[in-house]
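Residue-level structure breakdown
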Number of protein chains: 2
Amino acid sequence: MPVTIKDVAKSAQVSIATVSRVINNKGYISQKTRKKVYQAMNQLHYTPNIAARKLQSKHTATIGVILPSLDNPLYSELFENVEKYLAVANYQTLLCTSNNQPEREQKYFSLLQANQVEGIITSSHSKFFIQQDLNNYPIICFDRSISKNIPSVRSNNYLGGQKIAKVIIHKNKKNILILSGSKEDLNPINDRIKGMLSIFQNVDTNVQTIALDFDSSLLVKKLLIQKILSTHHFDAICCTDDLTALLVLSFTKSQNHPPLITGYDGSTFVQTLFPDLLTVKQPIGPMAELMCDLLLAKIQNPQQNFETEYVFPISLTQ
Amino acid sequence: MPVTIKDVAKSAQVSIATVSRVINNKGYISQKTRKKVYQAMNQLHYTPNIAARKLQSKHTATIGVILPSLDNPLYSELFENVEKYLAVANYQTLLCTSNNQPEREQKYFSLLQANQVEGIITSSHSKFFIQQDLNNYPIICFDRSISKNIPSVRSNNYLGGQKIAKVIIHKNKKNILILSGSKEDLNPINDRIKGMLSIFQNVDTNVQTIALDFDSSLLVKKLLIQKILSTHHFDAICCTDDLTALLVLSFTKSQNHPPLITGYDGSTFVQTLFPDLLTVKQPIGPMAELMCDLLLAKIQNPQQNFETEYVFPISLTQ
DNA sequence: CTGAAAGCGCTAACAT
DNA sequence: ATGTTAGCGCTTTCAG
């Protein structure tokens with residue numbers, strides 16, 4: 001049977017109200033009783049019951065995170081940062097991975113609500129959130145646009161696409177494949193592609209665009225890529241994310257005249273293991289920090305107005 | 001103001017007890033009232049307050065997971081599997097990443113307790129858990145041994161080490177480096193090394209063992225590896241985990257006569273992206289499943305006795 | 001500065 | 001088959 005505030009109160013010979021006060025550091029308490037209570041707490045190995053606290057106060061000190069998956073180093077790095085920043089603000093994080101399946105998002109959204117999260121950070125693809133009547137429920141999106149009322153944090157995808165394309169042109173590649181990791185439309189990945197195309201179309205190049213299914217497993221994607229590569233040849237393959245680029249590389253690295261492969265994301269993981277990969281670096285840490293700040297601010301004051309988009313600068317590796 | 005069971009009861013014109021019954025599908029309820037209640041719930045967009053439920057019953061339907069990090073594909077894959085299996089059993093998962101820092105483990109352990117988790121799955125290095133008086137608190141370890149009372153799930157590390165070593169011998173490598181990702185002692189990584197050595201020592205080879213610091217960042221590890229590689233030359237480098245192997249590969253792959261690099265773990269991620277890497281595959285999915293089963297069983301019956309170790313078979317890639 | 005008591009939303013006896 | 005009621009552990013008025 002776990003020890004409760006009652007046990008502590010009895011042991012310290014004070015009322016439970018007093019114990020609560022010292023735990024939360026609220027109101028006036030004499031040094032003497034404070035010490036007594038602390039002693040009792042330590043002696044009994046007391047841990048406050050968060051469920052009870054949540055029930056009581058509106059401040060549950062927990063926020064929810066919905067991400068497509070953790071396979072992608074971008075998301076795991078993002079999560080680690082979010083968790084870190086929220087912990088500093090004494091918030092606890094609840095993680096759900098949706099695989100971009102709308103039902104799972106739906107389910108997890110309910111789950112998070114049932115857990116009384118004060119707000120949600122999400123990078124989910126589905127339009128589920130749009131339908132919900134939650135315009136004043138604190139939500140921040142990563143790399144997705146849901147509605148004008150929900151702030152979205154992202155990198156400058158268009159510019160990133162342009163920068164990559166310029167390098168490709170500079171290296172004199174002509175036969176180019178743009179390999180998109182997603183077919184989804186509201187996905188900002190499209191801006192990356194648009195950025196690339198805006199550069200390519202002014203130059204004498206042969207550009208083809210193919211979209212994979214974002215939600216399929218690594219293996220499925222790999223098979224698709226293999227099929228594409230076995231029937232076509234390219235001078236350069238511009239992927240809209242690093243994971244896809246790595247997948248392509250797993251085929252081309254052993255070729256005689258491998259095409260130039262480029263990515264997008266720039267997680268520490270990928271950059272450390274593949275320093276040679278030409279890719280666009282997003283400032284993941286700062287983006288995570290801003291999302292936390294925005295969310296916390298929105299929780300503090302739901303009426304406050306925010307920008308619809310917060311766009312971070314990007315840079316190229318190499 | 002969120003809608004509560006009270007609102008539903010009023011709207012459906014029944015008592016809150018009845019509503020509770022239909023929510024939990026307990027006791028007898030007529031189809032008519034059941035329908036009424038469901039209608040009211042839907043109409044009001046009712047979501048049960050999990051905090052309240054937790055407070056009330058000992059069954060909180062949530063379990064905690066403490067992992068060193070999510071950087072490592074092994075852990076993110078493990079987590080995804082654990083989450084999946086627990087979801088099937090209608091359990092919710094709380095994830096914490098400790099970076100193997102004992103203070104963080106300590107803190108997270110308290111946090112999980114405060115959240116009334118029914119049990120914990122951990123792969124933490126520190127000896128923190130040993131000191132605690134929690135011999136009957138449901139805990140399952142992944143790849144770690146804490147005490148006889150806490151079941152540990154792992155792969156056959158010794159055999160894995162042996163198998164890898166045999167390949168090395170077979171390929172006639174003489175000058176060998178064993179690169180360990182950890183200095184920690186209770187870590188089963190040592191069994192991997194012992195397995196390798198048991199083979200190497202019977203053959204004419206020159207074996208050196210170096211241990212990196214498991215807890216340091218990817219970048220720090222990378223620097224250390226660079227230093228080692230710049231001053232020595234090896235025919236083969238046997239790493240005790242895939243991440244370390246990948247790090248080594250990031251240096252050696254462009255060399256003229258690169259050494260043979262081997263890993264250990266076999267996450268889907270690494271295998272998909274580096275099908276060529278010679279490594280030991282652990283059955284991550286089944287291991288996750290067993291951990292969940294064991295934990296759930298232990299929660300059901302804390303007195304029940306379990307094995308101290310559950311060792312899974314491994315296989316080599318290629 | 002401290003205690004008594006109400007109540008957060010829910011479940012589980014106990015009645016009916 | 002349904003309602004009444006007593007808590008679960010905690011925070012927070014309101015008294016003193």
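Residues numbered from 1 in each chain as written. Chains lettered and ligands numbered in written order. Predicted model: local features only at pLDDT ≥ 70, side-chain atom pairs only at ≥ 80, totals over all residues. Heavy atoms only, no water.

As for the UniProt feature "domain: HTH lacI-type" (unreviewed entry) in chain A
Summarizing the sequence annotation, UniProt attributes the feature "domain: HTH lacI-type" (unreviewed entry) to residues 3-57 of chain A in the numbering used throughout. Split by type, residues 3-57 of chain A is 69% helix and 0% strand. Its first and last C-alpha atoms lie 21 Å apart. (UniProt positions renumbered as here; feature names shortened; annotations may be inferred. Helix = DSSP H or I, 4+ residues; strand = E, 2+ residues; numbered from the N terminus.)

Digging into the protein's contact with DNA strand C
Residues in contact with DNA strand C amount to 25 residues; listed here are only the nearest, A:Thr18, A:Arg21, A:Gln56, B:Ile5 and B:Tyr46. Within 4 Å of the protein, the contacting atoms of DNA strand C are drawn from sugar and phosphate to the extent of 63%. In this structure, A:Thr33 approaches DNA strand C through a side-chain N or O atom, which is 2.9 Å from a phosphate oxygen. B:Tyr46 is positioned with one of its side-chain polar atoms (N or O) 2.4 Å from a phosphate oxygen of DNA strand C. Of all the secondary structure elements, the ones that give two or more residues to the surface near DNA strand C are α2 (16-24) and α4 (50-56) of chain A together with α2 (16-24) and α4 (50-56) of chain B. With 5 residues, α2(B) is the single largest residue contributor to the surface near DNA strand C. When the residues that make up the surface near DNA strand C are grouped by side-chain class, the tally is 11 nonpolar, 10 polar and 4 charged. (Near = heavy atom within 4 Å. Polar contact = N/O pair within 3.5 Å; in protein donor to acceptor, adjacent residues only side chain to side chain. Nonpolar A, V, L, I, M, F, W, Y, C, P; charged D, E, K, R; others polar.)

Some remarks on the pattern of salt bridges
Side chains that carry opposite charge are capable of pairing whenever their charged atoms lie near each other. Within the structure shown, the criterion is met by 10 salt bridges over all chains. The partner of B:Glu309 in a salt bridge is B:Arg154, with the nearest N and O atoms 3.1 Å apart. Taken together, the positions of B:Glu309 in strand β11 (residues 309-312) and B:Arg154 in strand β5 (residues 152-155) put the pair 155 residues apart, joining distant regions of the chain. A residue is classified by how much of its surface remains accessible, and B:Glu309, at 35% relative accessible area, is partly exposed. Note on B:Arg154: relative accessible area 7%, which makes it buried. If you follow the salt bridges from partner to partner, you end up with A:Arg154, A:Asp191, A:Lys194 and A:Glu309 in one network. (Salt bridge = Lys/Arg side-chain N within 4 Å of Asp/Glu carboxyl O. Buried < 20%, exposed > 50% of the residue type's maximum accessible area, 1.4 Å probe, protein only.)

Digging into unusual backbone geometry
Residues and elements named next belong to chain B. Non-glycine residue Gln13 carries a positive phi angle of around 60°. One non-glycine residue, Asn25, lies in positive phi territory at about 55°. Along the polypeptide, Asn25 turns up in the loop between α2 and α3 (31-44).

Notes on the protein's contact with DNA strand D
Around DNA strand D there are 25 residues in total, and A:Ile5, A:Tyr46, B:Thr18, B:Arg21 and B:Gln56 lie nearest to it. Backbone sugar and phosphate groups make up 61% of those atoms of DNA strand D lying within 4 Å of the protein. In this structure, A:Asn49 approaches DNA strand D through a main-chain N or O atom, which is 3.0 Å from a phosphate oxygen. Here a base oxygen of DNA strand D and a side-chain polar atom of B:Arg21 are 2.3 Å apart. Of all the elements in the fold, those that place two or more residues in the surface near DNA strand D are α2 and α4 of chain A together with α2 and α4 of chain B. The element contributing the most residues to the surface near DNA strand D is α2(A), with 5 residues. Residue composition of the surface near DNA strand D, grouped by class: 11 nonpolar, 10 polar and 4 charged.

Re the nonpolar core
Counting 55 residues, the largest nonpolar core has A:Ile121 and B:Ile121 as its most contacted members. The next biggest cluster of nonpolar side chains, apart from the first, holds 46 residues, and it includes A:Ile228, B:Ile225, B:Leu246 and B:Ile261. (Core = buried A, V, L, I, M, F, W, Y, C linked by side-chain atoms within 4.5 Å.)

Observations regarding the packing of aromatic side chains
Using the criterion set out here, one finds 4 aromatic pairs over all chains in the structure. Seen in terms of ring centroids, A:Phe269 and B:Phe269 are 5.9 Å apart; in terms of plane orientation they differ by 75°. Their pairing is edge-to-face. Taken together, the residues span two chains, with A:Phe269 in helix α12 (residues 268-273) and B:Phe269 in helix α12 (residues 268-273). Each of the two residues, A:Phe269 as well as B:Phe269, counts as buried. Note on A:Phe274 and B:Phe274: the rings are 5.5 Å apart at their centroids and 10° apart in plane angle, and the pair reads as stacked. With A:Phe274 in the loop between α12 and β10 (280-281) and B:Phe274 in the loop between α12 and β10 (280-281), the pair connects residues from two separate chains. Residues A:Phe274 and B:Phe274 agree in their burial class; the two are buried. Between the NZ or CZ atom of A:Lys222 and the centre of the ring of A:Phe251, over which it lies, the distance is 5.6 Å. (Phe/Tyr/Trp six-rings, centres within 6.5 Å; stacked < 30°, edge-to-face > 60°. Lys NZ or Arg CZ within 6 Å of the ring centre and 35° of its normal.)

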